[in-house]
Amino acid sequence: MEDSKIYIDPSTNRKSKILNERIKTFEGNPLFSIIELNLLARCNRTCHFCPVSSKSFYEDFYNNKLGKLEQELYDKLLDDLSKINYVGVIGYSGLSEPLLHPKINHFIARSKEVLPNARVEIVSNGDVLNKKRLNNLFNNGLDTISISMYDGPHQVEHFSKIKTELGLREDQIILRRRYYENENYGLTISNRAGLIDSNKFRSGKDKKVIKLPLRKVCFYPFYMLKIDFNGDVTVCSHDWRKKGCVGNIKEENILDIWKGNEIKIIRETLAKNDRNFSPCNECDVYGDLMGKEHFDQWNLIDR
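The structure contained in this document is the topic of the report that follows. As the structure is a computational prediction, the values presented were derived from the model and not from experiment.

### Points about the overall build of the protein
Next, step 1: A tally of regular secondary structure across the protein gives 10 helices and 10 strands.
Next, step 2: Here the protein has a C-alpha radius of gyration of 19 Å; the compact-globule value for 303 residues is 19 Å, and the two agree.
Next, step 3: In terms of its C-alpha atoms, the protein occupies a principal-axis envelope of roughly 55 × 45 × 40 Å.
Next, step 4: Buried positions account for 54% of the 303 residues belonging to the protein.
Next, step 5: Taking the contacts inside the protein whose residues are at least 6 apart along the sequence as the reference set, 72% of them involve residues at least 24 apart.
Next, step 6: With the model as given, the accessible surface of the protein reaches about 13900 Å², and the carbon-plus-sulfur share is 47%.
Next, step 7: Put simply, the protein has 47 plus and 42 minus side-chain charges, and the middle of one group is 2 Å from the middle of the other.

Set out below in structure tokens:
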């Protein structure tokens, strides 16, 4: 791991710990420990280090601004997960602001009803949050909300006050700095598989990425799946253009997608430090910051 060359998001250790605690096998195969869901094609912000800030990105890939994950498809996903006794993380994040989805509370409640041992987490910019909304989220079963603060230190004071007034634990509401301070934005930056020039937003102490593809292992397809609002599945949360789409949960069982030949080829190739295929050939993410334990599990069954 070449972590000495890049700024590491403080939340990485927390996420890695949760993933490692929830490694599980089914029918002899290691399962994913996180599913990241993009609930809708809409965000109320256009952060300059995010591809959503590009008008052409949304026009090219999300021309239906009203698109959202429908209840029927979400129920189908939960049914698939219940059949494999899923205990990992269901994360609402991705290319949008998840709290804008009108059924967010119902999705959380249904998740906990069907999968009581799974974790439900949200990554939000916090713009539409207030004490009432937070109470509703946790009353419906939310485990953790991570609030990305883009505007400045005053947001720390604002959300810390709400947390104290509601009596929330440190593990329930996590504040993530995303404004520029001390030569960084508080996150491990990536180019989202070629959509932005990440070098513009790296920490002042980071080594710039000059040559692609990287010659580095990547563990993402060994521990996670990303699901878009229309059911498309990719093996990486950085593949926003969905060049590495490996299936759709409308048409297939999620376990079949996870065990499928397309993902198997991707895993085998990345395990050899080979990123010379789309979209990984355009990606500058350091994919070995977490997930090694899942990678090792796959190596055991592949021998």
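### Remarks on a negative patch on the surface
Next, step 1: On the surface, Glu251, Glu252, Asp256 and Glu262 cluster together into a negatively charged patch.
Next, step 2: One can find Glu251 in the loop between β10 (245-248) and α8 (254-258).
Next, step 3: Overall, Glu251 belongs to the exposed group, its relative accessible area being 66%.

### A closer look at the nonpolar core
Next, step 1: Leu81, Tyr92, Leu137 and Ile145 are the most contacted members of the largest nonpolar core, which totals 72 residues.
Next, step 2: Ranked by residues supplied to this core, first place goes to helix α3 (residues 71-82) with five residues.
Next, step 3: Not counting residues up to four positions away in its chain, the partners in contact with Leu137 are Leu99, Ile104, Asn105, Ile108, Ile122, Leu129, Leu142 and Ile145.

### Some thoughts on the packing of aromatic side chains
Next, step 1: With the rule as written, the count across this model stands at 10 aromatic pairs.
Next, step 2: On the basis of an interplanar angle of 35° and a centroid distance of 4.9 Å, the ring pair of Phe219 and Phe295 is categorised as tilted. Here Phe219, found in the loop between β7 (173-177) and α7 (220-223), pairs with Phe295, found in helix α10 (residues 292-302); they are 76 residues apart in sequence, far enough to count as distant. The same class applies to Phe219 as to Phe295, namely buried.
Next, step 3: Considering the side-chain rings of Phe222 and Phe295, the 5.0 Å spacing of their centres and the 85° angle between planes classify their relative orientation as edge-to-face. On the criterion of sequence distance, the pair formed by Phe222 in helix α7 and Phe295 in helix α10 is long-range, its members being 73 residues apart.
Next, step 4: On the accessibility criterion, Phe295 (12% relative accessible area) is buried.
Next, step 5: An aromatic cluster of three or more residues is present, and its members are Phe32, Tyr86, Trp258 and Trp298.
Next, step 6: Sitting above the plane of the Trp258 ring, Arg267 keeps its charged end 4.3 Å from the centroid.
Next, step 7: Across the ring face of Trp298, the terminal group of Arg267 is positioned such that the distance to the ring centre comes to 4.0 Å.

### Observations regarding the sheet that holds strand β8 (residues 224-227)
Next, step 1: The strand order β7-β6-β5-β4-β3-β8-β9-β10 describes an open sheet built from eight strands, whose pairing is mixed. Edge positions in the sheet fall to β7 and β10, since each of these pairs with one other strand and no more. Within the sheet, the average angular offset between the axes of one strand and its neighbour, ignoring direction, is 25°.
Next, step 2: Sheet analysis places β8 next to strand β9 (residues 232-234), joined by two bridges and oriented antiparallel. Bridging from a neighbouring strand, Lys226 pairs with Thr234 of β9.
Next, step 3: Running over the sheet, helix α1 (residues 11-21) touches β3 (34-37), β4 (89-92), β5 (119-124), β6 (144-149) and β7 and is turned about 160° from β5.

### With respect to the layout of surface pockets
Next, step 1: Put simply, the second largest pocket is a space of about 230 Å³.
Next, step 2: Residue lining of the second largest pocket: 22 residues in total, with Val235, Cys236, Phe277, Pro279 and Cys280 positioned closest to the centre.
Next, step 3: Per-element tally for the lining of the second largest pocket: the top contributor is helix α9 (residues 261-271), with three residues.
Next, step 4: By residue class, the composition of the lining of the second largest pocket is 14 nonpolar, four polar and four charged.

### Some thoughts on α9
Next, step 1: Among the residues making up α9, those that are buried are Ile263, Ile266, Arg267, Thr269 and Leu270.
Next, step 2: Just downstream of α9 lies Asn273, where phi reads positive at about 65°.

### Observations regarding empty space enclosed by the protein
Next, step 1: What the rule picks out here adds up to two cavities of 30 Å³ or more.
Next, step 2: Looking at the largest cavity, its volume works out to about 1200 Å³.
Next, step 3: Contributions of two or more residues to the lining of the largest cavity are made by α1, β3, β4, β5, β6 and α7.
Next, step 4: Top element by residues in the lining of the largest cavity is α1. It accounts for six residues.
Next, step 5: Tallied by class, the residues present in the lining of the largest cavity amount to 25 nonpolar, 15 polar and 10 charged.
Next, step 6: Each pocket or cavity is described by its volume, and for the second largest cavity that value is around 60 Å³.

Thresholds applied
Residues numbered from 1 in each chain as written. Predicted model: local features only at pLDDT ≥ 70, side-chain atom pairs only at ≥ 80, totals over all residues. Heavy atoms only, no water. Helix = DSSP H or I, 4+ residues; strand = E, 2+ residues; numbered from the N terminus. Rg over C-alpha atoms; globule rule 2.2 N^0.38 Å. Buried < 20%, exposed > 50% of the residue type's maximum accessible area, 1.4 Å probe, protein only. Contact = heavy atoms within 4.5 Å. Areas by Shrake-Rupley, 256 points an atom, 1.4 Å probe, with all protein chains shown as cover. Lys, Arg positive; Asp, Glu negative; His and termini not counted. Charge placed at Lys NZ, Arg CZ, Asp CG, Glu CD. Patch = residues over 30% accessible without salt bridge, like charges linked within 9 Å, V, L, I, M, F, W, Y side chains within 5 Å. Salt bridge = Lys/Arg side-chain N within 4 Å of Asp/Glu carboxyl O. Core = buried A, V, L, I, M, F, W, Y, C linked by side-chain atoms within 4.5 Å. Phe/Tyr/Trp six-rings, centres within 6.5 Å; stacked < 30°, edge-to-face > 60°. Lys NZ or Arg CZ within 6 Å of the ring centre and 35° of its normal. Pairing = 2+ DSSP bridges. Axes fitted to C-alpha atoms, helices over the stretch in contact; angles between N-to-C directions. 1 Å grid on protein atoms, 1.4 Å probe; cavity = no way out; pocket = protein on both sides within 12 Å on 5 of 7 lines; lining within 4 Å. Points joined across faces, edges and corners; volume = space filled by probe spheres on them. Nonpolar A, V, L, I, M, F, W, Y, C, P; charged D, E, K, R; others polar.

Fair warning: the whole summary comes from geometry, so function is off the table for now.
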